[in-house]
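# Chain and residue survey
Residues per chain are reported as follows:
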Amino acid sequence: VLVTLCAFIFSLQSTRQRQALEHLAIHDPLTQALNRRAFDIDLATTLQTHQLSLSPCTLAIIDLDHFKSVNDTFGHEVGDELLIEMVRTVRIHLRKQDRLYRFGGEEFVAVLPGADAQEALRIAEAVRARIEQSPIASCGHSIRLSASIGVHSVAGGQQATPEDVIRIADEALYRAKDDGRNCVRHSVS
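The present account deals with the structure reproduced in this document. Keep in mind that this is a model prediction, so the values were computed, not measured.

## Things to note about helix α3 (residues 67-74)
Taken residue by residue, α3 has Phe67, Val70 and Asn71 as its buried positions. Here the buried residues of α3 occupy an arc of 95° about the axis, which is enough to place them on one side. Those residues of α3 that are exposed and angled more than 90 degrees off the buried face are Lys68, Asp72 and Thr73. Contact partners of the buried residues in α3: β1 (57-64), α4 (76-93) and β5 (141-143). Positive backbone phi, approximately 100°, marks glycine 75, located one or two places after α3.

## Some thoughts on the environment of glutamate 85
Looking at the element boundaries, glutamate 85 is found in helix α4. For the pair glutamate 85 and threonine 31, spaced 54 residues apart in sequence, the C-alpha to C-alpha distance is 8.3 Å.

## Some details on the packing of α3 against α4
The contact between α3 and α4 brings their axes to 7 Å, and the two run at 135°. Considered as vectors, α3 and α4 are oriented oblique to each other. Contacts from Phe67, Val70, Asn71 and Phe74 in α3 reach His76, Val78, Gly79, Leu82 and Leu83 in α4. Counted by class, the contact of α3 with α4 contains six nonpolar, three polar and no charged residues.

## As for the side chain of threonine 31
Within the secondary structure, threonine 31 sits in the loop between α1 (2-26) and α2 (36-53). Polar side-chain contacts of threonine 31 include one of 2.7 Å to the side chain of aspartate 28. Here threonine 31 is in contact with Leu83, Ile84, Val87, Arg91, Arg102 and Phe108, once residues within four sequence places are set aside.

## A closer look at the pattern of salt bridges
For the structure on display, the rule yields 15 salt bridges. The salt bridge involving arginine 95 is made with glutamate 119; its shortest N-O contact spans 3.5 Å. A residue pair is termed long-range when its members are at least 10 positions apart, and arginine 95 in the loop between α4 and β2 (99-104) and glutamate 119 in helix α5 (residues 117-133) qualify at 24 residues. Looking at arginine 95, the relative accessible area reads 17%, which means it is buried. Judged by its relative accessible area of 25%, glutamate 119 is partly exposed. Each member of the salt-bridge network shares a partner with another, and the members are Arg95, Asp98, Glu119 and Arg122.

## Things to note about the pairing of strand β6 (residues 147-154)
Buried residues dominate β6, accounting for eight of its eight residues. By the alternation rule, side chains of β6 split into Ala147, Ile149, Val151 and Ser153 and Ser148, Gly150, His152 and Val154, which are all buried. Where β1 lies against β6, eight bridges are found, and the strand directions are antiparallel. Each residue of the ladder has a partner; that of aspartate 63, found in β6, is serine 148.

## What about the nonpolar core?
Judged by nonpolar contacts, the single largest core of 30 residues is most densely connected at Leu64, Leu82, Val90, Ile131, Leu145 and Ile149. At the level of secondary structure, the elements contributing two or more residues to this core comprise β1, α3, α4, β3 (107-113), α5 and β6. Considering every element that reaches this core, the biggest residue donor is α4, with six residues. Every residue in contact with leucine 64, bar those within four places of it in the chain, is listed here: Leu83, Met86, Glu106, Ile131, Leu145, Ser146, Ala147 and Lys177.

What counts, and at which threshold
Residues numbered from 1 in each chain as written. Predicted model: local features only at pLDDT ≥ 70, side-chain atom pairs only at ≥ 80, totals over all residues. Heavy atoms only, no water. Buried < 20%, exposed > 50% of the residue type's maximum accessible area, 1.4 Å probe, protein only. Helix = DSSP H or I, 4+ residues; strand = E, 2+ residues; numbered from the N terminus. Arc of directions from axis to C-beta. Contact = heavy atoms within 4.5 Å. Axes fitted to C-alpha atoms, helices over the stretch in contact; angles between N-to-C directions. Parallel < 35°, antiparallel > 145°, perpendicular 65-115°, else oblique. Nonpolar A, V, L, I, M, F, W, Y, C, P; charged D, E, K, R; others polar. Polar contact = N/O pair within 3.5 Å; in protein donor to acceptor, adjacent residues only side chain to side chain. Salt bridge = Lys/Arg side-chain N within 4 Å of Asp/Glu carboxyl O. Pairing = 2+ DSSP bridges. Core = buried A, V, L, I, M, F, W, Y, C linked by side-chain atoms within 4.5 Å.

Structural measurements only, silent on function.
Put into structure tokens, the structure is as follows:
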């Protein structure tokens, strides 16, 4: 009985440690959004599922405008708190099946499986507006942010590679930046 109990405890501890390591491997340690490693795997799988199911799929790249000036003015501690709060803000507007990834620095990507262009634009605009309208309090400062968002929707059943989807969404993001920032731009293929 004692050996069985010890084996059970060891197994339980091993399972918990494996789960903790798996979490660390796919989540950004600061924001707890999924990380780039998880994104690379998930996007390929999501696109394969999308092509088989004939349902639309959308990718939205969210970039905080002029974020470097926040870090330069208030420090990286404040910048980190703003990134954490921004992730909370974005998650409020995402659906259960949507996934949010930290792509790098102040850039995030949302994968919206099953979202057509119209629904994706509604979600992206709600995220953009919420970021703009919600001053974030950090270390005694109230800071307003804005975001530029590039959205790319792939119609149901259409073939698309992860590289093409990222590239086209990124082009839409650059159009948003060129159009004065704090806006959403969309591409459909």
